[in-house]
Amino acid sequence: GLYVCTVRYQRRGRMLHFTRSIKVSGICESKAALTAADAQVLTVKEDFGDLTMESVLVIEDFQSEDLKREFNCSVWNEQGFLTRRAQLKEDVSLPTVELGCGLGVTLVLMLLLFVVYHVFWLELLLLYRSWFGTDERHTDDKEFDVYISYARNSEEEQFVLSTLRSVLENVLGYSVCIFDRDSLPGGTITDETLSFVARSRRLLVIVSPNYACQGSQALLELKAGIDSMALGGHLKVILVQYKPVQRQSLVRELRRARVALALVRWQGDKSKELTSRFWKRLRVELPLRRISRDEERCNKEVALMRLSSQNSTNSQTGLISNTSKNPQKVFDYAA
């Protein structure tokens, strides 16, 4: 409403009147209106009885539109009266709960990914190779994917011929070179060995106690593979541990090779399944092969031809002349 303030006083015998009109109107109804009673009074400074006080107002009940308005902050005491204008600002605080939850979820996901990678790293690596890997047949002119070096006339010879060769050729589709099977009669062993190793992408060395003490050809194959790697001949040597061997009993070439080369361990019955860790680990080291149906059918025909040729050769040399006495043993050797 309209308020009238009148002052009367006497001057030089006359009564004077001084009047002012004030119109009062409401601006807004804000729940943020506070008084000094709501404040927390703190003593900031004391200087010989003169106290400097600070009132902290904690405003909680206000509307969002109050942040745009100005408020009058007034204080008074025996020494006078003071007013200042103030505008509310939002106190931006870090969302600790949200940050904590987000950090916790991130750590759990990282731990889960670490566990998954640690357990399934072979499967992930094989999957990555199948998607983004390059078939080495398109990048070089090598004839064989794998050349197998092993100790002849020993237990691992049966492992090479009946298990390793069969899976590599008939299941995985690799072209495998075995000297005793693929070499032509009448040639020089040293020259043909070096030629086979140079024409192969991988040299598979079957490490065993027999290989460690074997001389001549087996170590010649290993030395040729290591020299080819050192000279950048696009050949990679892979060690397959058929049986554990003490380091002291290894020849010098094998001791050096075990330090720098990949070692895949055969664990007997645990490694026989194609889904075992042995075959997955070996596939990671072998060249990537993408086989079409025509190539798969062709590989099977080649394998059958090699089997027939080997049986014929063995029969001519008298190796299977006594088939009636022990046919199963002879068939395992030919297979």
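Residues numbered from 1 in each chain as written. Predicted model: local features only at pLDDT ≥ 70, side-chain atom pairs only at ≥ 80, totals over all residues. Heavy atoms only, no water.

- Named according to an unreviewed UniProt entry, the chain is TIR domain-containing protein originating from Goodea atripinnis.

## Brief notes about the overall build of the chain
No. 1: Across its full length, the chain carries 10 helices and 11 strands.
No. 2: Looking at the 335 residues of the chain, the share that counts as buried comes to 29%.
No. 3: For the chain, the exposed area adds up to about 23600 Å²; of that, 55% sits on carbon and sulfur atoms. (Helix = DSSP H or I, 4+ residues; strand = E, 2+ residues; numbered from the N terminus. Buried < 20%, exposed > 50% of the residue type's maximum accessible area, 1.4 Å probe, protein only. Areas by Shrake-Rupley, 256 points an atom, 1.4 Å probe, with all protein chains shown as cover.)

## Here's the deal with helix α4 (residues 189-198)
No. 1: Among all positions in α4, only E192, T193, F196 and V197 are buried. Buried residues along α4 cover an arc of 130 degrees about the axis, so they all sit on one side. (Arc of directions from axis to C-beta.)

## Observations regarding the nonpolar core
No. 1: Among the nonpolar cores identified, the biggest contains 25 residues, and Y147, V205, Y211, V237, L239 and L254 are the most heavily contacted of them.
No. 2: Of all the secondary-structure elements, those providing two or more residues to this core are β7 (144-149), α4, β9 (200-207), α6 (216-230), β10 (236-241) and α7 (252-260).
No. 3: If you tally residues by element for this core, the top one is α6, at four residues.
No. 4: Formed by 24 residues, the second largest nonpolar core is a distinct cluster that contains V176, I178, L204 and L286. (Core = buried A, V, L, I, M, F, W, Y, C linked by side-chain atoms within 4.5 Å.)

## Overview of the packing of aromatic side chains
No. 1: A complete count under the given rule lists 10 aromatic pairs for this structure.
No. 2: Their ring planes at 85 degrees and their centres at 5.9 Å tell us that F179 and F196 sit as a pair that is edge-to-face. With F179 in helix α3 (residues 179-182) and F196 in helix α4, this pair connects stretches of sequence that are 17 residues apart.
No. 3: Measuring from centroid to centroid gives 5.0 Å for F278 and W279, while their planes differ by 80 degrees, and the two rings are edge-to-face. For the pair shown, F278 and W279 are each scored as buried. (Phe/Tyr/Trp six-rings, centres within 6.5 Å; stacked < 30°, edge-to-face > 60°.)

## Considerations on the pairing of strand β2 (residues 14-23)
No. 1: Of all the 10 residues making up β2, zero are buried; the element is thus mostly uncovered.
No. 2: If you look at the hairpin formed by strand β1 (residues 2-11) and β2, you'll find two residues sitting between the two strands, and R12 has a positive phi there, around 55 degrees. (Pairing = 2+ DSSP bridges.)

## Here we look at the sheet that holds strand β8 (residues 176-177)
No. 1: Spatial ordering of the open sheet is given by β8-β7-β9-β10-β11, a layout of five strands whose pairing is parallel. The strands lining the two open edges of the sheet, one partner per strand, are β8 and β11 (262-265).
No. 2: In the packing of α7 onto the sheet, contacts are made with β9, β10 and β11, and the angle to β10 comes to roughly 100 degrees.
No. 3: Where helix α8 (residues 277-285) meets the sheet, its contacts fall on β9, β10 and β11, and the angle it forms with β11 comes to roughly 155 degrees. (Contact = heavy atoms within 4.5 Å. Axes fitted to C-alpha atoms, helices over the stretch in contact; angles between N-to-C directions.)

## Re the side chain of S200
No. 1: Locating S200 in the fold gives a position in strand β9.
No. 2: Look at S200 and you get buried, because its relative accessible area is 0%.
No. 3: Ignoring sequence-local partners within four residues, the contact set of S200 consists of K142, F144, V146, Y147 and L235.

## Points about the environment of S55
No. 1: The topology assignment puts S55 in strand β4 (residues 50-56).
No. 2: The spacing of S55 and V75 is 20 residues in sequence and 9.5 Å in space, taken between C-alpha atoms.

## Side note on the packing of helix α1 (residues 96-132) against α8
No. 1: Direction vectors running N to C along α1 and α8 enclose 40 degrees, while the axes themselves pass 10 Å from each other. By the angle between their directions, the pair α1 and α8 is classed as oblique. For α1 against α8, the interelement crossing comes out left-handed. On α8, the residues touching W121, L122, E123, L125, L126 and R129 of α1 are R277, K280, R281, R283 and V284.
No. 2: Residue classes in the contact of α1 with α8 are distributed as five nonpolar, no polar and six charged. (Parallel < 35°, antiparallel > 145°, perpendicular 65-115°, else oblique. Left-handed = near helix turned anticlockwise from the far one by under 90°. Nonpolar A, V, L, I, M, F, W, Y, C, P; charged D, E, K, R; others polar.)

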